[in-house]
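Here is what each chain is made of, one letter per residue.
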Amino acid sequence: MAKENSQQAKFDEVAKKIQSMLETMKYGSITIVVQDGKVIQLERNEKVRIK
């Protein structure tokens, strides 16, 4: 049970970080890097449009 709560807490943390990235980005991409079934890195690539 404790392991499930720990995994859920990590999932919630990753989800909040992704949501924050999405809210502040207008154009671009987010890459999720996974190793051994766990998210180890989030990469943000933002594009700036010049009109």
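As a starting point, this report considers the structure included with it. Once a new chain begins, its residue numbering starts again from 1 and follows that chain's sequence as written. Totals for whole chains, interfaces and linings use every residue, but because this is a predicted model, local features are given only for residues with pLDDT of at least 70 and side-chain atom pairs only at 80 or more, for both listing and counting. Note that water and hydrogens are dropped before the side-chain values are worked out from all heavy atoms of the structure.

Thoughts on the pattern of salt bridges
By definition here, a salt bridge exists when the distance from a side-chain nitrogen of Lys or Arg to a carboxyl oxygen of Asp or Glu is within 4 Å. The final tally for this structure, using the stated rule, is two salt bridges. With a shortest N-O distance of 3.3 Å, Lys17 and Glu13 are connected by a salt bridge. With Lys17 and Glu13 both in helix 1 (residues 2–24) and four residues apart, the pair spans about one turn of that helix. Counting from the N terminus, the helices are the DSSP runs of H or I reaching at least four residues and the strands are the DSSP runs of E reaching at least two.

With respect to the layout of surface pockets
Think of a 1 Å grid over the protein atoms and nothing else: a 1.4 Å probe that fits but is trapped marks a cavity, an open set flanked by protein within 12 Å on at least five of seven lines marks a pocket, and residues with an atom within 4 Å of a point count as lining. Grid points are joined across faces, edges and corners, and a volume is the space filled by probe spheres set on the points. The computed volume of the largest pocket comes to approximately 310 Å³. Every residue along the wall of the largest pocket is listed here: Lys3, Ser6, Gln7, Lys10, Phe11, Glu13, Val14, Gly37, Lys38 and Val39. The set of elements that each furnish at least two residues to the lining of the largest pocket consists of helix 1 and strand 2 (38–46). Looking at the lining of the largest pocket element by element, the count peaks at seven residues for helix 1.

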